Amino acid sequence: MIPLPFLAAVDSWIVTFSAITVIVTIWMGFRSAKTSKTASDFFVAGRSVSVGWNASAISGEYLSAASFMGIAGMVMSSGYDALWYPVCYACGYLFLLLFIAGPLRRFGAYTIPDFAEGRFDSPIFRKIAVVFVLFIGFFYTMPQMKGAGVTLSYIFQDVDLRGTFLEFLAPHNIAGEALQGFPYWAGVVLVGAIIILNVALGGMKGITLVQAFQYWIKMFAISVPIFVLMAVYGHYGRQVGSNNVAQMPPGALYQNMGAPTNTVAPFITEAERKTLSAKAPSDSVWISPFGPLTTKATTKAKLSAEDARPYSLLYTYSLIIAIVCGTAGLPHILVRFYTNPDGVAAKRTTMWVMILIGIFYVFPPIMGALGRNLLPELYNGIGAKGTDKVVLELPRILNEKYGVLGSILSGITCAGAFAAFMSTFSGLLVSMTGAVAHDVYGRILKPSSTPEQRMKMFKFAAIGVGSIAVLLGTLVEKLEINFMVGQAFAIAAASYFPLLFMSVWWRGLTMKGAAIGMLSGGLLALAGITLTSISDIALKTSAANGTTNSLQGLEDFWIAHPLARILCEQPAIWAVPLAIILMIVVSKATAKDVPSDIRMKMLVLHAPEKLGLKQEYIQEHGPAGH
Amino acid sequence: MSSPSGEKSGDKIDIHSESFLHSLMRKQLKLSIACAATFMVALLGLPLLNYFFPEFMAKRIFGFTLSWFILGIAFFPYVWIISYYFIRNSIALEDEEVKSAKGDEKQ
């Protein structure tokens, strides 16, 4: 069936490890799905799980393709500025713990739409709130899909489909000639189809054991190759240290600030290094704050390095706000806080989650720094062949010295990548499909539907939502994985975060205030981000194909207005305060609509669970959600 | 419905009262804000240090620049300390609330 050269041209170690991960993940999903059929089973089952397993499961769900592949790729391409991402992913979790997790847990709302309905006694608001599950979900699935496309086109890069019956699958150049290799879109479609099928058939329900297992795969798959690489090529400090700012080229960042005093400490010997390609950022720009990521807009506008710095500072702050606040608004994260027997166990679990994800996040930047020194040819690659695949490809350089060791380690990182994008894509697909089947169909389109009809609808919705996610995934090859995830966080920060934060801590919030604030902040952020993303894709596509940019007018506008560009690309710095201010103003104007039992609601949100107020509340009002 | 009925014991704090809710939320918010402020100072201060003292932040430590070392490595233990402090204190706070609400009957 499959032509023989097809198999001969792939690295058998890499294929074996990847295939094992895929099969084990699907098998475990189905096995656990048999024992837990409904959402409440899932929660109850989770409650019997120990703190250690639960913490691993939460961490496993949190670490997506962006954490596993994207951060390393972005540190390699942008240097220091990309370090904000892993740190803020971890800090965002802390922010969630400080302000939101405890009250939501006590309130007993499993999802944000449940909470929105219960807090304001408003089924209408639930329908409004559910929209953002889809917006954020699609923005979050795009980078996962890119992870899948990058990984498969890396695994099958030496395959030659020309001359076989599969020639139509081979990548084509702009003139329409078939090339060697495996196309990006086919990887996206293949992985997407497997996961959609799996979710539609009822596997992959976000089972604690599967997710916990996924965390340890990811942790093992990133740390072991890095330790081996560091043992051979020099440790983290040496890798970063060899980017020696003392050899600054003329016109570098701090040209006007006197002689640089920052030379490499004498006891650090420089790590082995290959010559950087022309497209790579220079050492001084790479290692210093306010580098390529935050100066993109001002560089295009041809501002001087000195004039650009305030813009870069603004960009940095907006990025920090987006990620720290956005973590609290991710649809698939909050649910796990309920899979603990009680509040104390939930808090202990959270402590372990902070430690597990914190340790993980130290590693990807090491891979980025190693990649810059040892695999600089990735700077020349575009899309799936660019720096996003550094985690997959870098361990393979060990083959030069130690035979198959490089292939084995590369196979391990590929397995980790599969674990990352499969778990996150399945988790998101389950929550998005649930939103469509349960809220859109079950409550809006056909409230009289039977459970069987809804189950059937769940399958259709999984295929529909999944297909849209796959389609969107094929369009974003030119954008960086980690950057796209950051954009999803920004939308969550401008919509769900203000809703949750204000609902929990301000009793005067009304449904109208909450809805108007959330919609304005969220939709404006969404518009800005969509605009910049579309414009970037058009620009990079035209640059790669040598054609004229179809959106040149927009590009010219960005060049003329770098501030507008930064505020559209990173909207959190204005969208979050805007949403909060609108919530306050509109709520003050509609103060008579504050729910009459607001004191009881606030008590349920804040009083210790041991006082049993939740049970009292349910007896009087019925359950808050569901 | 807002005003609940019948508290059973006289010397217990009425958990449905306005003052209980008020003090409860204030204590919780105070703890959360104190912890948030501690990490915000570091998180929002670092870009300012990078901005105003670029040469100092570019000093080398174990091969890293100082700024890289803080952000890429040292920040994580810092966050752990804050979350440990918060978790310990919020559990203590809850226990205290339960005790004051139920009276000392169980002690």
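Residues numbered from 1 in each chain as written. Chains lettered and ligands numbered in written order. Predicted model: local features only at pLDDT ≥ 70, side-chain atom pairs only at ≥ 80, totals over all residues.

Draft legend 1. Quick look at the overall build of chain B. Within chain B one finds three helices and two strands. Mapped from its N terminus to its C terminus, chain B presents α and β elements in the order α-α-β-β-α. Taken across its 107 residues, chain B has 32% of its residues classed as buried. At a minimum sequence separation of 6, the contacts of chain B that also span at least 24 residues come to 60%. (Helix = DSSP H or I, 4+ residues; strand = E, 2+ residues; numbered from the N terminus. Buried ≥ 20, exposed ≤ 12 C-beta atoms within 10 Å, placed from the backbone. Contact = placed C-beta atoms within 7 Å.)

Draft legend 2. View of unusual backbone geometry. All names here are of chain A. Residues other than glycine seldom take positive phi values, yet Phe290 does so here, at roughly 60°. Considering the arrangement of structural elements, one finds Phe290 in the loop between helix H12 (283-287) and helix H13 (292-300). In this structure Phe290 comes out as buried when scored by C-beta crowding, with 25 C-beta atoms within 10 Å.

Draft legend 3. The arrangement of the environment of Ala280 of chain A in detail. Residue and element names in this part refer to chain A. Examined against the element boundaries, Ala280 turns out to sit in the loop between helix H11 (236-241) and H12. On a C-alpha basis, the gap between Ala280 and Thr474 in space is 26 Å, while along the polypeptide they are 194 residues apart. In this structure Ala280 touches Pro376 and Tyr379, once residues within four positions along its chain are discounted.

Draft legend 4. Layout of the interface of chain A and chain B. Contact residues are listed per partner, giving 55 residues for chain A and 47 residues for chain B. Sorting the residues of the side of chain A that touches chain B by element identifies helix H6 (84-107), H11, helix H14 (305-327), helix H15 (343-374) and helix H25 (598-606) of chain A as the ones contributing at least two each. Of the residues forming the side of chain A that touches chain B, the biggest block, eleven residues, is contributed by H15 of chain A. Here the side of chain A that touches chain B is built from residues that sort into 36 nonpolar, twelve polar and seven charged. (Nonpolar A, V, L, I, M, F, W, Y, C, P; charged D, E, K, R; others polar.)

Draft legend 5. Up close: the confidence of the model for chain A. All names here are of chain A. The pLDDT averaged across chain A works out to 82; a share of 86% of its residues lies at or above 70. Within chain A, the lowest mean pLDDT, 45, falls on helix H3 (residues 39-47), and the highest, 96, falls on helix H24 (residues 572-589). Here residues 39-46 is modelled with pLDDT under 50, and outside its nearest four sequence neighbours on either side it reaches eleven contacts, counting other chains as well. Note that pLDDT drops below 50 for residues 247-268; the model gives that stretch 37 contacts with residues more than four away or on any other chain. (pLDDT = per-residue confidence, 0-100.)

Draft legend 6. Layout of helix H1 (residues 18-52) of chain B. Between the first and last C-alpha of H1 of chain B there are 48 Å, a value that for 35 residues agrees with the 51 Å anticipated at 1.5 Å per step. By the burial criterion, the buried members of H1 of chain B are Leu24, Met25, Gln28, Cys35, Ala36, Phe39, Leu43, Leu46, Pro47 and Asn50 of chain B. Contact partners of the buried residues in H1 of chain B: H6, H14 and H25 of chain A together with helix H2 (54-57) and helix H3 (66-102) of chain B. (Expected span 1.5 Å × (residues − 1).)

Draft legend 7. Quick peek at the confidence of the model for chain B. All names here are of chain B. For chain B, per-residue confidence averages 81 on the pLDDT scale, and 83% of positions sit at 70 or higher. Every residue in residues 1-10 is under pLDDT 50, and counting partners more than four places away or in other chains gives nine contacts. Both scores are given for the predicted complex: the pTM is 0.87, the ipTM 0.85.

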